[in-house]
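Coordinate inspection notes
Take a look at the letters that make up each chain.
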Amino acid sequence: MTVFRLVSAMHLVIIITALILLCSSPANVWSSYGSQERISGSTVHNWAGKLGGELWHLGEYVTSREEIQKNYKSAQVNRKDGNSLVREIANDIKNMTDLKISAVKRIMDSAEATAVSQQDEVVTEYEYYNTKTLRPPGEPLEKGAKEMILTPNKHFYNIPVNTSHSAVHVPTNVYDQAPDILKDIKWSENLNEIFIRNYQDDPSLSWQYFGSSSGFMRQYPAMQWRNDSVDLYDCRTRSWYIEAAASPKDMLILVDNSGSMTGIRKEIARHVVSNILDTLGNNDFVNIFNFSEEIDEVVPCFKDMLVQANLANVREFKQGMKDLHTDKIANFSAVLSKAFELLQQYRETKKGACCNQAIMLITDGVPYNYKEIFEEYNWKNFPNMPVRVFTYLIGREVTDVREVKWMACANRGYYVPLSTLAEVREQVLHYIPVMARPLVLTKTEHPINWTPVYADITDPKMTDWLWEKRVCTEQKEIYETYFRDRFHNNHISNEEHDRRYVQKIRRAMDNDEESEDYQKYQLMTSVSMPVFDQRENATKIARLLGVAGTDVPIQDIQKLMMPHKLGVNGYAFIITNNGYILTHPDLRPVFQGILKPSYNSVDMAEVELVDDHREARDINPKLREFRSDVINQSTGATTLEVKYYYDDMKRVSHTKRHYYYTGIENTPFTLVIALPDHYGLVSVNAQVEIRRQYAEGVNVSQFFQGDNWRIHPEWTYCKYHYDSEHEFPTPEAEFRHFLVRTGNPNWKWLSKRSVTPPEHVEQSNTSGGKSEKLDKDSYFCDRELFLSLIFDGRATEWFSNRNMSSNQDSKKEFQQRFGVTIAFVATHSGLTRWQEFPGEENRGQPRFGDVHNRALDEIWYKRAVEQHYVDEESFVYSVPFDDGEGYRNETLVTASHAIFSHKAQPDNKMYRSPVAVVGFQFRHMSLHALFKNITSTCDSCRLTCDSDELECYVLDNNGYIIVSESLRDTGKFFGEVQGNIMEMMVEEGLYKRIHMFDYQAVCFREDATKSKAPFLITPLTHLKWMLEWFIGNIVWLLVESNFKFLWHLSWAFASEDDYHDGFDIPTDITFVEILEEQNMKPTEPPYEKLQINRTRPEPCDKEVDLYQLQSHSDQVFSKRADEGCVRPFVVQKISFSNMILVVVDTLCTFPEEKKLSITPDEVRYNSSLACFKVHSDLPQKRPTSCIKQHPKEQEIELCGHSSRVEVSVLPFLLCWLVTFLLGTEH
């Protein structure tokens, strides 16, 4: 036994000595060509070559790429003229916007004419269609409800509507039976006729409406209002109403926070500020001062300035108002002087809105009227006063209102007394008609207003409420899971928890919940104009009747952008006068199904990222110049080196882009198109002439047989103007319908998408001055796209019906060995065909074409085209991200390859344009088996990938693991598995690290309601604590009494994530025993330990490092262990692919295992994001219309509500009672 121990000890010493020598002598560890090498470079080269070769031959066979290449030999490749293309698209959009403007003008004219003709009758009763009480036939009618036939209409997003009627929405804060409201509703019903006629003349019109200054909105067509939890909608707070009702404005809000502004007064003041902010838009500028003895900005970083009233800044103001503290005495002289001086500075330097200016004073009383200040700052050029003053007097018991009312009346403003929260919104809105007075008095000028992008009827304030609702649901799930798992803690492993989590995520993905959430937000812009009371006796009132408008869905604009002409990786976008995005492929307004807090103020400079290694928000000067040209609606072109992410922001690339831009007439918008270098500057021309085909006896319909093909669902090939009159189940059925019609001898290619507005026809001599009329069978087509689709149909007709059996048994076996499930081809005209291989049709999965039907907009299409310029003969391979976490046998690998058409030009240049992409999907398990089979054998090597001393990986061009020995690594980022190796590959130039910024990110701040800051303790607070103590002790008494029926959790908690059958919940476990098990005291209930931090979403910036494989030769790259114990590795490009093979020696471990994360991190600034952005100095172009004064305005005497002194009975009785008791005692 002693000898045996001695021999064992000697063996141990020898092994340790050998390891030390290996780790300390680089010559022994690695030699690229020596006899002692542990990783053979030639072996790795052979492995990569064999793997790449087999996959290439597989791809060639299952996709028939050479056959498709031959069928496109006749295609022509032409140079693309970006300047002509941008003008063509801009002209199409202009024609569409002119139609919308024309429709709104007709609504406006009709409303003004109707208001003049209607009598000043008193209406006390009137029945009308109220959107909130409309009921379809068959539903029970409650009191006040009316029945109406509502039919789902494709044109209106399949919402049930009635196109024969309009309906009225009345805000919650407006009494719908008030005589004035009923009178306006009655006369506005005459607008039905013009609504219907507009829709007949232009069937592309979306919702039409008239928003009254009294609060109601008449909308066409009639629909049933969504029954959300809270109806916050008020048309007078929407941008289309506010911006049309008055010219842009600079505004200072002065909030009295002296010692008397406590309790309900402070809450009313906050509410007033919030409602004023809700009436501001992107063309307005604002700031808020708190004042008592000192003057402070509500947001300290907005000191001595006015900031743009976008959603982000408004949100910052509202958060600042939560920290309002009251004390001391108000210094009105100082705050008024500062406000007038700041506004004067902005007038003189021509900053801000450069139009209207206003001061909004919120107080509970003023000592006197401060006439001397107004004389100094506002009355120098009397009667012209540059600043209007609006006063809001808070408090029920205020008796002397003369001074505060005089301040408003003497300065072209309006005075409002406020005593309850309920009246705040309605009273605040009175300032809008006052600001509109100069506009109304002009009578003839009706400025056209276009809004920024917005989400249909959704109120931005709902974001926080929806997030709070989600947090509560998450908290409930945590409680339920906790209590269920207490009964099964001996049976549930960590792996089981992980499995359930992955299943939950997969269910969410399979249900496509976020996609559904996104669909409920319809992004719009609107065109609107003010409607005036034109009656002569109304001059001394200058009454704004309201605003007329119509919506223009963003998707309607996108359809005019000719994506098929822009080509793959090309796109178009529109920028507003403020530099904000109206539409852009990288606009991401929704996060987890909820609108982002500042979704409609995303700047152009935040999505077009220049590849220049600058820090966050350090904007490239060339991009600044480009942006300046765009917002000023110039026409021109520029080129930028840019970086961009795609594929759910997990991949990155960089390229040179060519930009062309021009303004869209009669709008504040500028159109920009972006074309990638090389292939983006050329286009393919491959069309089939239908008449010739029919003349030769060829029926073109035969090219589109079967059901294994799809066309791009968002492109317009041919379409009826009245699409609701011609409904088709699928885009393919619609295309087939028109394909048949093209065989008619009387067929005409009608390309005009819209009719000419009547007033434009009258101004010209065309058509004898007669307006065009559309009937229900009128249609339009994109002839070039339609004929290109037919060419592609003929070129790929055979693809879905290939016979891969009979004498090709060897190849069939080859295909089956790889587990190929689908082969597909997608073309530049939007056609996608696929072939399902035998045995794979009925697996309960959605069909390939139902998921991937967007052709050149698909990720695999875009990547294949880019890969062509890296290696023409290669496929791009990808697997789902992080798929190894819940690896399933049905995981698929997607491979795609781009087919280009080449044409030599007279100038000896070769034009190459992508015409199609072919590809296939196959089982990842088959690829894994092939990988293991190839890398586990070699002719003369010491180690293979089967050895525990080597770890082998196949990575794609962005560093994601395609294949690994461990299936759990599938789809993971390599830097998270082998961070040190990834870092060394970056250092050696194999991968390039690209630093990316996400300027549309959302971060989560701790909710202020959870703050542990001191708060005012009142008698009510003590009463609340006493009740909580009492109820808590009663409940605890019940628990101690072991009333099991109260705590039987098998029925107390239910969830869709129930455990498997067979787990019986014990009935003898009580809540107290659960606490004892968790070592919790009765005074420390588990819900406190389980509580999550309440958060609120905030806009923020994030940054992340992403990676891209660099082009290099096919030679083996080897890294030796030059210093200490560092893992050597070998990298070899896998031929015919976007992949590399990485072989790592695991003999030595790194002193510190490094992890590279691709999870974005928040960019930390020295201040909040809103504060940082306000100093970015990005200019805006002001709206062209500014009407701020009219000489007749001084004749208007109405400047506010009369106040009444209300005596409260309760204080009187209390005083009487105290006096009586004291008198009795004496």
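In case you missed it, the structure is sitting above this.
My aim in this report is to walk through the structure given alongside it, one point at a time.

Parameters at a glance
- Residues numbered from 1 in each chain as written.
- Predicted model: local features only at pLDDT ≥ 70, side-chain atom pairs only at ≥ 80, totals over all residues.
- Heavy atoms only, no water.
- Core = buried A, V, L, I, M, F, W, Y, C linked by side-chain atoms within 4.5 Å.
- Buried < 20%, exposed > 50% of the residue type's maximum accessible area, 1.4 Å probe, protein only.
- Helix = DSSP H or I, 4+ residues; strand = E, 2+ residues; numbered from the N terminus.
- Domains from an automatic or database assignment.
- Contact = heavy atoms within 4.5 Å.
- Patch = residues over 30% accessible without salt bridge, like charges linked within 9 Å, V, L, I, M, F, W, Y side chains within 5 Å.
- Areas by Shrake-Rupley, 256 points an atom, 1.4 Å probe, with all protein chains shown as cover.
- Salt bridge = Lys/Arg side-chain N within 4 Å of Asp/Glu carboxyl O.
- Lys, Arg positive; Asp, Glu negative; His and termini not counted.
- Charge placed at Lys NZ, Arg CZ, Asp CG, Glu CD.
- Pairing = 2+ DSSP bridges.
- Disulfide = S-S within 2.5 Å.
- Axes fitted to C-alpha atoms, helices over the stretch in contact; angles between N-to-C directions.
- Expected span 1.5 Å × (residues − 1).
- Parallel < 35°, antiparallel > 145°, perpendicular 65-115°, else oblique.
- Phe/Tyr/Trp six-rings, centres within 6.5 Å; stacked < 30°, edge-to-face > 60°.
- Lys NZ or Arg CZ within 6 Å of the ring centre and 35° of its normal.

**Brief notes about the nonpolar core**
- Within the largest apolar cluster, 164 residues are counted, with the highest numbers of intra-cluster contacts made by I253, L254, I362, Y392 and L671.
- Sort the elements by how many residues they give to this core and helix α5 (residues 82-117) lands first, with 13 residues.
- Each of domain 1 (99-236 + 525-537) and domain 2 (248-446) contributes no fewer than three residues to this core.
- Not counting chain neighbours up to four residues away, the residues in contact with L671 comprise V86, I89, A90, I93, M561, A572, F573, I574, Y660, Y661, T662 and I664.
- Core analysis: the next-biggest nonpolar cluster, separate from the first, contains 90 residues, I39, A48, V62 and F818 among them.

**Topic: a negative patch on the surface**
- On the surface, a cluster of negative charge is made up of E293, E294, D296 and D327.
- Mapped onto the secondary structure, E294 falls in the loop between β11 (285-291) and β12 (295-297).
- For E294, a relative accessible area of 55% translates into the label exposed.

**Section: the sheet that holds strand β5 (residues 159-162)**
- Spatial ordering of the open sheet is given by β4-β5-β9, a layout of three strands whose pairing is antiparallel. Whereas interior strands pair on both sides, the edge strands pair on one side only; in this sheet they are β4 (151-153) and β9 (222-223).

**Observations regarding the state of the cysteines**
- Counted under the stated rule, the structure contains six disulfides.
- The disulfide that involves C409 links it to C1199, with 1.7 Å between the sulfurs. Given an S-S torsion of about 70°, the disulfide between C409 and C1199 has right-handed geometry. One end of the pair, C409, is in helix α13 (residues 402-409); the other, C1199, is in the loop between α37 (1169-1173) and α38 (1209-1225), with 790 residues separating them in the sequence.
- C409 gets classed as partly exposed once you look at its relative accessible area, which sits at 32%.
- We classify C1199 as buried; its relative accessible area is 11%.
- Here C1003 is linked by a disulfide to C1100, with a sulfur-sulfur distance of 2.0 Å. Judged by the sign of its S-S torsion, about 75°, the bond between C1003 and C1100 is right-handed. Of this pair, C1003 sits in strand β40 (residues 991-1006) while C1100 sits in strand β41 (residues 1095-1109), and the two are 97 residues apart along the sequence.
- Take C1003: its relative accessible area is 7%, and that puts it in the buried class.
- When its relative accessible area of 2% is taken as the criterion, C1100 is described as buried.

**Overview of helix α32 (residues 979-987)**
- In terms of burial, α32 is a largely internal element, eight of the nine residues being buried.
- Those residues of α32 not exposed but buried are G979, N980, I981, M982, E983, M984, M985 and V986.
- Looking one or two residues past α32, G989 carries a phi angle of roughly 85°, positive in sign.

**Here we look at the sheet that holds strand β37 (residues 910-923)**
- Pairing is antiparallel in the open sheet, where six strands are placed in the order β30-β34-β33-β37-β36-β35. With one partner strand each, in any of the chains shown, β30 (709-711) and β35 (876-878) form the two edges of the open sheet. Ignoring strand direction, the axes of neighbouring strands in this sheet form an average angle of 20°.
- As paired strands, strand β36 (residues 892-904) and β37 are joined by 13 bridges and run antiparallel to one another. Bridge pairing links T894 to Q921 in β37.
- Its contacts with the sheet put helix α3 (residues 41-63) on β33 (820-827), β35, β36 and β37, and the angle it makes with β37 is roughly 100°.

**Some points on helix α30 (residues 924-935)**
- Its twelve residues place the ends of α30 16 Å apart at the C-alpha level, agreeing with the 16 Å of an ideal helix rising 1.5 Å per residue.
- Buried within α30 are the following residues: H924, S926, L927, H928, L930, F931, I934 and T935.

**Quick word on the pattern of salt bridges**
- Applying the stated rule across the entire model yields 51 salt bridges.
- A salt bridge links R614 to D618; the shortest N-O distance between them is 3.2 Å.
- Accessibility expressed as a relative area gives 29% for R614, which makes it partly exposed.
- Overlapping salt bridges bring together D707, R710, E836, R847 and D850 as one network.

**Section: the packing of helix α9 (residues 264-277) against helix α10 (residues 311-321)**
- Between α9 and α10, the shortest axis-to-axis distance is 10 Å and the interhelical angle comes to 180°. Judged on the interaxial angle alone, α10 and α9 are roughly antiparallel. Contact with α9, carried on its side by R270, V273, S274 and L277, involves V314, F317, K318 and M321 of α10 and no other residues of that element.

**Concerning unusual backbone geometry**
- A cis geometry characterises the amide bond from Y220 onward to P221, with omega recorded as -5°.
- With respect to the helices, strands and loops of the structure, P221 is situated in the loop between β8 (217-220) and β9.
- Geometrically, the link from F382 to P383 is a cis peptide bond, its omega value of 10° lying close to zero.
- Of note, P383 is situated in the loop between α12 (371-377) and β15 (387-394).
- Located in the positive-phi region is D648, a residue other than glycine, with phi close to 60°.

**Some points on the packing of aromatic side chains**
- According to the stated counting rule, one finds 55 aromatic pairs in the structure shown.
- Look at F591 and F1004: their rings are 5.8 Å apart centre to centre, the planes differ by 45°, and that puts the pair in the tilted class. Placement of the pair is F591 in strand β23 (residues 590-591) and F1004 in strand β40, with a sequence separation of 413 residues.
- By relative accessible area, F591 is classed as partly exposed at 25%.
- Judged by its relative accessible area of 31%, F1004 falls in the partly exposed class.
- Judged by centre distance (6.2 Å) and plane angle (35°), the ring pair of F848 and W860 falls under tilted. With F848 in helix α28 (residues 848-851) and W860 in helix α29 (residues 859-868), the pair connects residues that are twelve residues apart, well separated along the chain. No difference in accessibility class separates F848 from W860, as the two residues are buried.
- Each residue in the set F704, W709, Y717, Y720, F728, F735, F738, W747, W749, Y779 and F786 is aromatic and connected to the rest through ring pairs, giving one cluster.
- Sitting over the face of the ring of Y644, R657 holds its NZ or CZ atom 4.6 Å from the ring centroid.

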